Amino acid sequence: MRIACPHCGLRDVQEFVYLGDARPQRPDGLAATEAAMFEYVYLRDNPRGLLEELWYHGVGCRAWLVVRRDTLTHAIDYVGPARSRKAGGAA
């Protein structure tokens with residue numbers, strides 16, 4: 001699989017580190033319940049189809065990216081900087 005980094009161009013997936021689903025929002029610090037933290041850290045959906053994921057370009061520009069990928073075919077239809085992403089969707 002190859003990822004089109006917006007800073008470095010088309011690169012092999014071996015240059016990246018996969019973090020996972022980009023949708024979960026971290027609970028609010030000390031106000032978070034134990035159950036909310038458990039859900040945030042350990043419980044993840046594994047949907048079929050399009051999924052926004054966080055990837056880190058560790059061997060290249062060292063940027064965090066949001067990659068929208070089809071989990072069945074691995075086809076990528078969007079790659080963008082994670083810092084420009086708004087909650088609930090890609091930039």
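Residues numbered from 1 in each chain as written. Predicted model: local features only at pLDDT ≥ 70, side-chain atom pairs only at ≥ 80, totals over all residues. Heavy atoms only, no water.

A. Just the overall build of the protein chain, in detail. The number of helices and strands found in the protein chain is 1 helix and 6 strands. In the protein chain, the succession of helices and strands from N to C terminus is β-β-β-α-β-β-β. Each principal axis of the C-alpha distribution contributes one length, and for the protein chain these read about 40 × 25 × 25 Å. Looking at the protein chain as a whole, 27% of its 91 residues qualify as buried. (Helix = DSSP H or I, 4+ residues; strand = E, 2+ residues; numbered from the N terminus. Buried < 20%, exposed > 50% of the residue type's maximum accessible area, 1.4 Å probe, protein only.)

B. Geometry of the sheet that holds strand E4 (residues 50-56). The strand order across the open sheet formed by 4 strands is E3-E4-E5-E6, and the pairing between neighbours is antiparallel. Each end of this open sheet is capped by a strand with a single partner; those strands are strand E3 (17-21) and strand E6 (76-81). Looking at each pair of strands side by side, their axes are set apart by 25° on average, direction ignored. (Pairing = 2+ DSSP bridges. Axes fitted to C-alpha atoms, helices over the stretch in contact; angles between N-to-C directions.)

C. Structural context of the pairing of strand E5 (residues 64-70). In terms of burial, E5 is largely enclosed, as 5 of its 7 residues are buried. Bridge count between E4 and E5: 7 bridges; the pairing is antiparallel. Paired with Glu52 across the bridge in E5 is Arg68. Hairpin connection of E5 to E6: 5 residues between the antiparallel strands, including His74 at a positive phi of 70°.

D. Fine view of the side chain of Asp70. If you trace the backbone, Asp70 turns up in strand E5. No salt bridge is formed by the buried Asp70. Its closest oppositely charged neighbour is Arg69, at 7.2 Å. Here Leu72 takes part through its backbone nitrogen, which lies 2.8 Å from a polar atom of the side chain of Asp70. Beyond its immediate stretch of four places on either side in the chain, Asp70 contacts Gly49, Leu50 and Ala75. (Lys, Arg positive; Asp, Glu negative; His and termini not counted. Salt bridge = Lys/Arg side-chain N within 4 Å of Asp/Glu carboxyl O. Polar contact = N/O pair within 3.5 Å; in protein donor to acceptor, adjacent residues only side chain to side chain. Contact = heavy atoms within 4.5 Å.)

E. Seen up close, the packing of aromatic side chains. With the rule as written, the count across this model stands at 4 aromatic pairs. Aromatic side chains Phe38 and Tyr42 sit 5.2 Å apart centroid to centroid with 40° between the ring planes, which places their arrangement in the tilted category. Linking Phe38 with Tyr42, this pair stays in helix H1 (residues 34-42), spanning 4 residues, or about one helical turn. Relative accessible area serves as the criterion here: at 59%, Tyr42 is assigned to the exposed category. Relative to Trp64, the ring of Tyr56 lies with its centre 5.0 Å away and its plane at 40°, an arrangement referred to as tilted. The class of Tyr56 is partly exposed, set by a relative accessible area of 24%. Taken together, the aromatic side chains of Phe16, Tyr18 and Trp55 make up a single cluster linked through ring pairs. Between Arg44 and the ring centre of Tyr40, over which it is positioned, the NZ or CZ distance is 5.5 Å. (Phe/Tyr/Trp six-rings, centres within 6.5 Å; stacked < 30°, edge-to-face > 60°. Lys NZ or Arg CZ within 6 Å of the ring centre and 35° of its normal.)

Read these as geometric descriptors, not functional statements.
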